[in-house]
Amino acid sequence: MKRILVAAFMVLVSAVSVGRSNPYNPDSAQSAIRPRVALVLSGGGAKGMAHIGVLRVLERAGIPVDIICGTSMGALVGGLYSIGYDAATLDSLVHVQDWGFLLSDRLNPKEQSLGDRAAQDRYFYSLPLSGFNRQALSRSGLIKGQNLANLFNRLTVGYHDSISFDSLPVPFACVATDMVKYGEVDFRGGYLATAMRASMSIPAAFTPVRLDTMVLVDGGLRNNYPADVARDMGADYVIGVSVQKEEHKTADDFNSAGAVLTQLIDVNCENKYRENWAITDIPIRVDVDGYSMASFNLKAIDTLIARGERAAMEHWDSIIGLKRRLGYDDDYRPAKISRYQPMGAERKVRVAKLDFRNVSSQDTAYLCRRYSLSEGDSVSIMQIEKAIGALRGTLFYNDAGYQLTGQPDGYRLTIDTEGRKASEILMGIRFDNEEKVALQFHGIFPLRFKPPVRLGLTGRLGKRSMGRVEATVSPTRINSFKLSYTFRYNDINIYHGGNRKLNFTYNRHTAELGLLSLSWRNIMFDISARYDYYDYRDMLSSGNAGAGSSDNDRLLSYRAMLNYNSQDNDFFTTRGSRFEAEYAIYTDNMYQYDGHTPFGILSARWRTALRLTDRFSLRPMVYGRALMGRGIPYVMGNFIGGPFFGHYIEHQMPFAGFGNVERASDVFVGLECSAQQRVMDNNYLSLTFSAACHDDKFGNLFRSLPMAGARFDYAYDSMIGPLGASLGYSSRTNSLYMYVNLGFEF
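All values reported here derive from a predicted model rather than from experimental measurement.

**Q** Explain helix α8 (residues 146–155) residue by residue, including any values.
**A** By the criterion of burial, α8 is predominantly enclosed, with eight of the ten residues buried. Along α8, the residues that are buried comprise Gln146, Asn147, Leu148, Asn150, Leu151, Phe152, Asn153 and Leu155.

Okay, here's the thing in C-alpha cells:
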C-alpha cells in the first residue's frame, strides 16, 4: 500500500511539472492546475499605448496573466510586462521618452562635437555608405533604429542572455515577419531586446533585423493579433486587445495615394486577424479614431491610455466573470511578480568580462580610457551609452550596440559595431516664401592616412548656391587642422526702411587654412587664415543705397574664434547657453589694407535659455558687431534682418520685426528676448522682442532712440525640420511682414 501511495505522489508531481509551471512567477504553481489565461496585444504603432490602459484594468480586477503575446508595439508592451514592468511603471516610462529622438538615427548632442552637432541641427537625413559601389547607396529602411535598440537594451538588463521566453516571470512570445520566405516567425526564445526590435521593424521605415538567414520586419504583415500563438502556448482563455480600426470603406475613400497605401498595409495586417479575433474569449477593441501609428506626442499618449482603460472597463463584467470561472472570489489578487526596476542612467553593473567586436585596438583603448571601462570594475549605463555614442559619432562607426549577459561574478559587456563607415551623406531640404526651395547635401569621406584625414563635400542648390570641399587632419582627439575651398553665389535684395534699394549679385571664392582647432565637449577654439575674393556681377541700385565701389575685393584675413554651446536644441531651445566671439584682421597684402593699417571686425553673441516650466522658457540674447578701420568694403558691413544668423550673408544678424536684409551702421549692438511655449508635444508658440542701437562711432551709439521690433512665431517640429510662420513689425520698417518656412536653416 505504501508503494502505491509513493507512486501516486510521483505521478502527481510529474503532472504539475508537465503543466509548465513557471518558477519565476509566485502564482505559477496554482496556474499549473487551473485554466491558463493569456493576454494578446495587437500592433499599431503609437496606438498601442492603449494597451497600458487595459493592463491597469486587469490589475485592478485581479486577473492573473499566465501568458502574454504581442506584435509590434504590443510586443514592446508585452515584453516589458513579462519581465515585471507593471502598468504604472509602463505609464511613467512612455511619458519620459523623447520619441522624436528614439524614432530617428540622431546622436545624443552631449556625445557630439560642436561641428557634428551643428550638422545634426541642419540635416534631416543621414545615409551611411559601406563602400563605393552600387550596394552602398541602398538602405532597407529610412531609420536604422539604433536608438530604439539601445533603449530596449537598457530596459531589459538582466534578460540579455539567449533564453527561453517561457522562463520569464510571465511566459512571452512575439511575432515578426521573415522577408526572405515571407513567413511568420514566432519568437519563443532568444534575446528579448532583439525579438522586440524585430517585431517593431516597420518595412521601409526601419531597417530590418538580420538574424541567421532571416531578414525580419514588423510581425503585423503576417499576424498582427497573435491569439493563435497564445493558444499554442497552452492558453485556455484569451483576453485580447486590438487597436485596429474596423472600417467599411467604399470606392470614394481611395482618392489619394496615401489612402491606397494605407489600405494595402491594412489588407496585409488582416492575415489571420478575423480567425484570431474569433477565438478570443474577451475581445477588447479600443477606439483609436483620430490617432495614427505616429501619434507619439504626450497628449495623444494620455488619451490613448485613457481610451484603453475605458474600453477594458466596458468589459468589466466579463473580466470578473472569467475570474470567477477560474475559481477566485472578487477580492482575490494574484501574487505580484518581482517588480522590475528600469535601469537608470546612473545605475551600475559589475563588468566581469569586456568584449569589443569590430572595433580597432586603438579605438578600444581610447574608449576604455575615456569612459573608464575595465574588467572587474562597476560601470554605469551612462558610461556605456556614452561609449556607444562616441563610436557612432566621433569615431565614425556604422551603428553600435551593447549587451550585458549574466556571468557568475557579474556581467559580460559586449560592445559590437558594423565596422567603420566608408562615408556618409547628409541631406537637408528647405522651403520658404523668399527663396522658394533649397537643397543641401553634405558628404563625409574618411581617408585611411595616419594621422586620420576626413574629406567633406557640401553642395547647396537654390537662390544662394554653394559648393565646398574641406579636408580635416586630426592628429589627436581634440585637435585638428583644416584646409577648405568654398564657392558661393549670392543674389540678395538689400532694403532700407522696408523699401528695396539694391539688388546685389556676386560670386565669392574662399580658401581657408585652419591653423589650430581645439574641440572639447561644448567648447571649440579656432585660429585660421582666410583668403576671400568677391567677384561682383550686378549691383542695381534704386537711388543712393550707399553701395560704394563695384570693384572686386580681395581680402586676406587672420581670425580667432571661441565657441561655447550647451544648448539642447538649436531651434527649439529649452535649456543651455551659447556664446560665440570672433575677431578678424583684414588685409589685401598680408600686412596692410589699401596702403594703410588693416581694418578689424569684432563680433559676439550670447544666448541662454531659462526653463521656467516643462513647457515654457525664456531665451534672452545679447549680440553685436563692430567694424574698426578705414575703407571697409560694402559687403563686409553690418547687415540685419530675419530670424537667423547668416541667413543670406555670412555675418548677417537677426532682428525681430522684419524679414528682409537691411544695412546697419558700423557699430551695432542688439538685445533680443524670446518667450517660447510648447503646445502639446511638437507645436511651439513664441513671442520675440528686439531692440538695437547702431551708429558709425562707438561714442554716439546710445545717443539716439533704439529701433525696436517684435515677432510672433508658430512652428511645428517636423521630421525634416521646423514648419512654421512668422508675423513681425518693427519701428524701422513701420509695416507688417510674414515669413513662412519648412526645414532647417542652412
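**Q** Could you give an account of the packing of α8 against helix α17 (residues 381–392), with specific residues and numbers?
**A** Where α8 contacts α17, the axes come no closer than 12 Å and their chain directions differ by 160°. With respect to their mutual orientation, α8 and α17 come out roughly antiparallel. The interaxial crossing formed by α8 with α17 has right-handed handedness. Residue-level contacts link Gln146, Asn147, Asn150 and Arg154 of α8 to Ile381, Glu385, Ile388 and Arg392 of α17. Its residues assigned to classes, the contact of α8 with α17 comprises two nonpolar, three polar and three charged.

**Q** So what's going on with helix α5 (residues 87–96)? Residues and values would help.
**A** When we look at burial in α5, the residues that qualify are Ala87, Thr89, Leu90, Asp91, Leu93 and Val94. Lining the buried residues of α5 we find α3 (50–61), α4 (73–82), α6 (99–102), α8 and α14 (298–313).

**Q** Go over the pairing of strand β20 (residues 453–461), please, and point to the residues and values.
**A** Both strand β19 (residues 436–447) and β20 contribute to a ladder of nine bridges, which runs antiparallel. Bridge assignment links proline 446 to a residue of β20, and that residue is arginine 454. Counting the residues that bridge the hairpin from β19 to β20 gives five residues. Taken together, the eight bridges between β20 and strand β21 (residues 465–473) define a ladder with antiparallel strand orientation. Across the sheet, the residue bridging to leucine 455 is alanine 471, located in β21.

**Q** Now, about the packing of α3 against α5: what can you tell me, with residues and values included?
**A** As a packed pair, α3 and α5 sit with axes 9 Å apart at the nearest point and diverge in direction by 160°. Here α5 runs roughly antiparallel to α3, going by the angle between their axes. In this structure, α3 crosses over α5, and the sense of that crossing is left-handed. Counted together, Ile52, Leu55, Arg56 and Glu59 of α3 and Ala87, Leu90, Asp91 and Val94 of α5 form the full contact between these two elements. Taken together, the residues of the contact of α3 with α5 sort by class into five nonpolar, no polar and three charged.

**Q** If you had to explain unusual backbone geometry to someone new, which residues and values would you point to?
**A** A positive phi angle, close to 55°, is found at serine 372, a residue other than glycine. Turning to its location among the elements, serine 372 is positioned in the loop between α16 (361–370) and β15 (378–380). We note that asparagine 734 has phi near 55°; this positive angle belongs to a residue other than glycine. With respect to the helices and strands, asparagine 734 occurs in the loop between β34 (721–730) and β35 (736–742). When its relative accessible area of 54% is taken as the criterion, asparagine 734 is described as exposed.

**Q** Please set out the packing of aromatic side chains residue by residue, giving values where relevant.
**A** The full count for this structure, using the stated rule, is 21 aromatic pairs. Centroid distance tyrosine 328 to tyrosine 332: 3.9 Å. Interplanar angle 5°. Geometry classified as stacked. Residues tyrosine 328 and tyrosine 332 agree in their burial class; the two are buried. Linked through ring pairs, Phe504, Tyr506, Tyr534, Tyr536, Tyr634 and Phe639 together constitute an aromatic cluster. In this structure, arginine 285 is placed above the aromatic ring of tryptophan 277, and the distance from its NZ or CZ to the ring centre is 4.8 Å.

**Q** Got a sec to walk through the UniProt feature "short sequence motif: GXGXXG" (unreviewed entry) in the chain? Specific residues and values, please.
**A** Mapped onto this numbering, the UniProt entry gives "short sequence motif: GXGXXG" (unreviewed entry) at residues 43–48. When the span residues 43–48 is considered, its composition is 0% helix and 0% strand, and the gap between its end C-alpha atoms is 6 Å.

**Q** Describe the sheet that holds strand β17 (residues 410–417), with residues and values.
**A** Spatially, four strands are ordered β15-β14-β17-β16 in an open sheet, and the strand pairing comes out mixed. Looking at the sheet topology across the chains shown, the edges are occupied by β15 and β16 (400–407). Going across the sheet, the axis of each strand differs from the next one's by a mean of 50°, ignoring polarity. Against the sheet, α17 touches β14 (348–357), β15, β16 and β17, its axis set at about 145° to β16.

**Q** An account of the pairing of strand β12 (residues 237–242) is requested, with residue identities and associated values reported.
**A** A large share of β12 lies buried, amounting to six of its six residues. What you see with β12 is no split at all: Tyr237, Ile239 and Val241 on one side and Val238, Gly240 and Ser242 on the other are buried throughout. When strand β1 (residues 37–41) meets β12, the two strands line up parallel, connected through five bridges. Within β12, the position partnered with alanine 38 by the bridge is valine 238. Judged from the four bridges that link them, β12 and strand β13 (residues 282–285) form a sheet pairing that is parallel. Among the inter-strand pairings, glycine 240 is bridged to a residue of β13, identified as proline 283.

**Q** Any chance you could break down the state of the cysteines for me, citing the residues and the numbers?
**A** Enumeration over the complete set of coordinates arrives at zero disulfides. The thiol sulfur of cysteine 174 is not disulfide-bonded, and the nearest other cysteine sulfur, from cysteine 69, lies at 9.0 Å. Among the residues examined, cysteine 174 registers a relative accessible area of 0% and is labelled buried.

**Q** I'd love a proper account of the pattern of salt bridges, names of residues and values included.
**A** Enumeration over the complete set of coordinates arrives at 29 salt bridges. Note that lysine 272 and glutamate 184 form a salt bridge whose closest N and O atoms lie 2.8 Å from each other. Remark: glutamate 184 occurs in strand β7 (residues 183–187) and lysine 272 occurs in the loop between α12 (257–269) and α13 (273–278); sequence separation between them is 88 residues. The exposure class of lysine 272 is partly exposed, given its relative accessible area of 31%. Taking the shortest distance from any N to any O, the salt bridge between aspartate 532 and arginine 508 comes out at 3.1 Å. Of the two residues, aspartate 532 is situated in strand β24 (residues 523–541) and arginine 508 in strand β23 (residues 499–520); the sequence distance between them amounts to 24 residues. As far as the burial class goes, aspartate 532 and arginine 508 line up, both buried. Via salt bridges that share partners, Arg508, Glu512, Arg530, Asp532 and Glu650 belong to a single interconnected network.

Conventions used here
- Residues numbered from 1 in each chain as written.
- Predicted model: local features only at pLDDT ≥ 70, side-chain atom pairs only at ≥ 80, totals over all residues.
- Heavy atoms only, no water.
- Buried < 20%, exposed > 50% of the residue type's maximum accessible area, 1.4 Å probe, protein only.
- Helix = DSSP H or I, 4+ residues; strand = E, 2+ residues; numbered from the N terminus.
- Axes fitted to C-alpha atoms, helices over the stretch in contact; angles between N-to-C directions.
- Parallel < 35°, antiparallel > 145°, perpendicular 65-115°, else oblique.
- Left-handed = near helix turned anticlockwise from the far one by under 90°.
- Contact = heavy atoms within 4.5 Å.
- Nonpolar A, V, L, I, M, F, W, Y, C, P; charged D, E, K, R; others polar.
- Pairing = 2+ DSSP bridges.
- Phe/Tyr/Trp six-rings, centres within 6.5 Å; stacked < 30°, edge-to-face > 60°.
- Lys NZ or Arg CZ within 6 Å of the ring centre and 35° of its normal.
- UniProt positions renumbered as here; feature names shortened; annotations may be inferred.
- Disulfide = S-S within 2.5 Å.
- Salt bridge = Lys/Arg side-chain N within 4 Å of Asp/Glu carboxyl O.

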